[in-house]
Amino acid sequence: MKRFKKISAGLLLTLGIILLMVPVVVSTRKEATSQDKVDAVGSLIVGIPATFWGVWLALGMYQQEQKEVLEHLQSTFYRLLQDENGRISVLKLAMAAKLPIPVAQEYLDQKAREYDATFEVSEEGKIFYNFRL
């Protein structure tokens with residue numbers, strides 16, 4: 001289903017953009033006939049909905065993907081909280097959730113504010129977030 005939506009969004013966007021280029025081309029041609037102008041209006045009538053539909057599908061897929069990433073991150077965070085007795089490092093979260101370190105850092109900072117976590121610096125200089133369970 002996901003592949004079908006991607007293909008559909010791509011085709012609709014491609015078709016819509018091509019159809020929306022027709023009026024631009026017709027309006028720049030001096031020798032455009034009245035039939036060309038009618039065709040340009042027709043391509044606008046079809047091109048605008050096709051483009052919006054393609055954008056709507058693409059936006060919906062993007063939002064669904066972001067939701068899935070957030071759900072995965074939350075479940076990984078809560079699992080680590082339980083496994084590590086409330087003590088998490090940025091690197092551990094980044095590795096477990098397969099995220100870039102800055103994203104994991106931002107997420108942990110947000111959760112630390114939300115849950116009033118404390119910080120601990122090890123002798124090696126690693127920062128740990130301590131959440132009360």
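A brief look at the structure comes next. Please read these numbers as outputs of a predicted model, since none were measured by experiment.

Parameters at a glance
- Residues numbered from 1 in each chain as written.
- Predicted model: local features only at pLDDT ≥ 70, side-chain atom pairs only at ≥ 80, totals over all residues.
- Heavy atoms only, no water.
- Helix = DSSP H or I, 4+ residues; strand = E, 2+ residues; numbered from the N terminus.
- Expected span 1.5 Å × (residues − 1).
- Buried < 20%, exposed > 50% of the residue type's maximum accessible area, 1.4 Å probe, protein only.
- Arc of directions from axis to C-beta.
- Phe/Tyr/Trp six-rings, centres within 6.5 Å; stacked < 30°, edge-to-face > 60°.
- Lys NZ or Arg CZ within 6 Å of the ring centre and 35° of its normal.
- Patch = residues over 30% accessible without salt bridge, like charges linked within 9 Å, V, L, I, M, F, W, Y side chains within 5 Å.
- Areas by Shrake-Rupley, 256 points an atom, 1.4 Å probe, with all protein chains shown as cover.
- Salt bridge = Lys/Arg side-chain N within 4 Å of Asp/Glu carboxyl O.
- Axes fitted to C-alpha atoms, helices over the stretch in contact; angles between N-to-C directions.
- Parallel < 35°, antiparallel > 145°, perpendicular 65-115°, else oblique.
- Left-handed = near helix turned anticlockwise from the far one by under 90°.
- Nonpolar A, V, L, I, M, F, W, Y, C, P; charged D, E, K, R; others polar.

What follows deals with helix α4 (residues 101–115). Compared with the 21 Å implied by 1.5 Å per residue over 15 residues, the 21 Å span of α4 between its first and last C-alpha is a close match. For α4, the full list of buried residues reads Ala104, Tyr107, Leu108, Lys111 and Ala112. Across the axial projection of α4, the buried residues extend over an arc of 140 degrees, all falling on one side. In this structure, α4 carries Pro102, Glu106 and Arg113 as exposed residues pointing more than 90 degrees from its buried face. Immediately beyond the C-terminal end of α4, within one or two residues, lies Asp116, with a positive phi of roughly 55 degrees.

For the structure on display, the rule yields 5 aromatic pairs. Residues Phe77 and Tyr107 carry aromatic rings whose centres are separated by 5.6 Å and whose planes lie at 80 degrees to one another, so their mutual orientation is edge-to-face. You can see Phe77 sitting in helix α2 (residues 34–83) and its partner Tyr107 sitting in helix α4, a full 30 residues away along the chain. With respect to class, Phe77 is no different from Tyr107; both count as buried. Each member of the aromatic cluster is reached from another via a ring pair, and the members are Phe77, Tyr78, Tyr107, Tyr115 and Phe131. Arg87 extends its terminal NZ or CZ atom over the ring of Phe128, reaching a point 3.7 Å from the ring centre.

Where nonpolar side chains cluster on the molecular surface, the patch consists of Val41, Ile45 and Val46 and spans about 280 Å² of accessible area. Relative to the assigned elements, Val46 resides in helix α2. What makes Val46 partly exposed here is its relative accessible area of 46%.

Another aspect to go through is the packing of helix α1 (residues 2–28) against α2. Helix-helix packing is characterised by the crossing angle of the two axes and by the distance between the axes. Across the interface, α1 lies against α2 with an axial gap of 6 Å and an inter-helix angle of 150 degrees. Relative to α2, the element α1 is oriented roughly antiparallel. As α1 packs across α2, the resulting crossing turns out to be left-handed. Taken together, the residues of the contact of α1 with α2 sort by class into 19 nonpolar, 6 polar and 6 charged.

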